Amino acid sequence: MERSALPRLDVDADEIRRRLLPHCRLKKGETWRDSVNGHVVACGDAADSESIANLFSTKRATLAIQDPPYNLVMFEKQSVDEYTRWCRQWVDNTYSVLSDDSSLYVWLGADQNDDFQPLPQFMLMMAGTPFEARSFISVRNQRGYGTQKNWMAVRQELLYYTKGNPAFEVQYTDIPKILRGYYKEVNGAVTENLERGKSPNIRPGNIWVDIQQVFYRMEENVNGCYGQKALKAIERIVEASSKKGDLVADFFAHSGTTLLACERTGRKCITLDIDPIFTEITIRRLEHFRATGKTGWQAGNPFQKELAGKHRKAKTVGI
Ligand SMILES: C[S@@+](CC[C@H](N)C(=O)[O-])C[C@H]1O[C@@H](n2cnc3c(N)ncnc32)[C@H](O)[C@@H]1O
């Protein structure tokens, strides 16, 4: 594949955005319906209750996976109170499209340079909603950032909430159980922990150490997407908290990871993004997967064809 990266499409990307927009199928308020497996991609605002109600109509999801822009990467940084009020709007919208027994997962950062906002404010806000807090998961990145004077920052935070009493399917990692010495008598025989249990591998628990965050050498990488989550993490959530044929909601599609996870695991997905470029990338990622079996473009990009032949010009805008 021809290699050409896209710059981050949220900042300093006016020229490239102007060139990509005519190639986007959706404008704000429009919807793309997948004729193969029934997924839906919409261009809209997660906080707009009327659009969300129209989009879902009477359909109810078993699972929602929400990955909002964090306050520190919002296009215009808001006060944490404004940000939390905005979160409450899409949380309420999420509640209204979830079935009686369902799960909500939220990815949210804590800015260690700014009193860890907005995570604590978000958690307190959630305490005032009908959702029940279930788990606070940390995903350990393989690579981190930091200085010699602080602990390297390697964590991504993932909150798990429930509505009603949803099913939960225990998940396992590929990491073998290696610790011995936890003995227990079973039917008169002394057994050790490695002999008991349903799997020879450990469970991820609420600290996930086996997930590589996405970077440009990985097949699933989607250039131009600054907030892409690892497919392995999203598939783990989907398999733990939904069943084949269930509907999954994601109001912040971006690179379309939740949609792709649903396609690969036999779920249906309704997803939206406020930015037409990310809705187009989401649709193209699904089409690209169906055509090639590949989960992303690695060092290439979703608009390769449209940008081909414009390389000389393209260089001036950083692709
Ligand atoms: C952190 S990214 C989501 C990443 C996604 N989970 C993935 O793996 O690719 C956040 C996305 O939310 C979108 N967004 C921002 N404000 C929104 C809003 N009010 N409604 C819907 N989408 C919004 C942004 O355009 C961006 O694509």
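Everything below is about the structure printed above this text.
The following refers to the structure shown. (Residues numbered from 1 in each chain as written. Predicted model: local features only at pLDDT ≥ 70, side-chain atom pairs only at ≥ 80, totals over all residues.)

**Points about the pairing of strand E12 (residues 247-250)**
Under the convention used in this document: Exposure criterion: with C-beta atoms placed from backbone coordinates, a residue whose C-beta has 20 or more other C-beta atoms within 10 Å is buried, one with 12 or fewer is exposed, and one in between is partly exposed. The way it works is that DSSP assigns letters per residue, a run of H or I at least four long becomes a helix, a run of E at least two long becomes a strand, and they are numbered from the N terminus. In this analysis, strands are considered paired if DSSP registers two or more bridges between them. By convention a crossover is right-handed if, when the strands point away from the viewer, the path from the first strand over the helix to the second runs clockwise.
Because side chains alternate across E12, one face comprises the buried residues Leu247 and Ala249, and the other comprises Val248 and Asp250, equally buried. Across two bridges, strand E3 (residues 61-66) lies against E12 in parallel orientation. Along E12, the bridge assignment pairs leucine 63 with valine 248. Note that E12 and strand E13 (residues 268-273) share four bridges and pair parallel. Considered in E13, the bridge of alanine 249 is made with isoleucine 270. The β-α-β motif built from E12, the intervening helix H6 (residues 257-265) and the parallel element E13 has right-handed crossover chirality.

**Concerning the packing of helix H2 (residues 49-56) against helix H3 (residues 80-97)**
As a reminder of what qualifies: Angles here are taken between N-to-C directions and fall from 0 to 180 degrees, while the axes themselves are lines fitted to C-alpha atoms, restricted in helices to the stretch in contact. Our angle categories are set so that under 35 degrees counts as roughly parallel, over 145 as roughly antiparallel, 65 to 115 as roughly perpendicular, and the remainder as oblique. Should the near helix be turned anticlockwise from the far one by less than a right angle, the crossing is left-handed, and should it be turned clockwise, the crossing is right-handed. Remark: residues whose backbone-derived C-beta atoms lie within 7 Å of one another are considered to be in contact. Gly falls in the polar group here, along with every residue not listed as nonpolar (Ala, Val, Leu, Ile, Met, Phe, Trp, Tyr, Cys, Pro) or charged (Asp, Glu, Lys, Arg).
Viewed as axis vectors pointing N to C, H2 and H3 meet at an angle of 25°, and their least axial separation amounts to 10 Å. With respect to H3, the axis of H2 lies roughly parallel. Remark: the crossing between H2 and H3 carries right-handed chirality. Here H2 contributes Ser49, Ile52, Ala53 and Phe56 to the contact with H3, which in turn contributes Asn93, Ser96 and Val97. Taken together, the residues of the contact of H2 with H3 break down into four nonpolar, three polar and no charged.

**Some thoughts on the sheet that holds strand E1 (residues 31-33)**
In a beta sheet, neighbouring strands are held together by backbone hydrogen bonds and run either parallel or antiparallel to one another. Here nine strands make up an open sheet; going across it, the order is E1-E2-E13-E12-E3-E4-E8-E7-E11 and the pairing mixed. The outermost strands of the open sheet, each flanked by one partner alone, are E1 and strand E11 (207-208). Across three bridges, E1 lies against strand E2 (residues 40-43) in antiparallel orientation. Paired with arginine 33 across the two strands is valine 40, which belongs to E2. Relative to the sheet, helix H5 (residues 231-241) contacts E3, strand E4 (98-107), strand E7 (132-145), E11 and E12, its axis offset from that of E3 by approximately 155°.

**Brief notes about the environment of leucine 260**
On the secondary structure map, leucine 260 appears in helix H6. Overall, leucine 260 belongs to the buried group, with 24 C-beta atoms counted inside 10 Å. In sequence terms leucine 260 and glutamate 235 are 25 residues apart; their C-alpha atoms lie 9.0 Å from each other. Aside from chain neighbours lying at most four places away, what touches leucine 260 is Leu231, Arg285, Leu286, Phe289 and Thr295.

**A word on unusual backbone geometry**
Proline 118 follows glutamine 117 through a cis peptide bond whose omega is 0°. Look at serine 57: it is not a glycine, yet its phi comes out positive at around 50°. In this fold, serine 57 is placed in the loop between H2 and E3. With 8 C-beta atoms packed within 10 Å, serine 57 lands in the exposed category. With a phi close to 45°, glutamine 298 is a non-glycine residue in the positive phi region. One can find glutamine 298 in the loop between helix H7 (276-292) and helix H8 (304-307).

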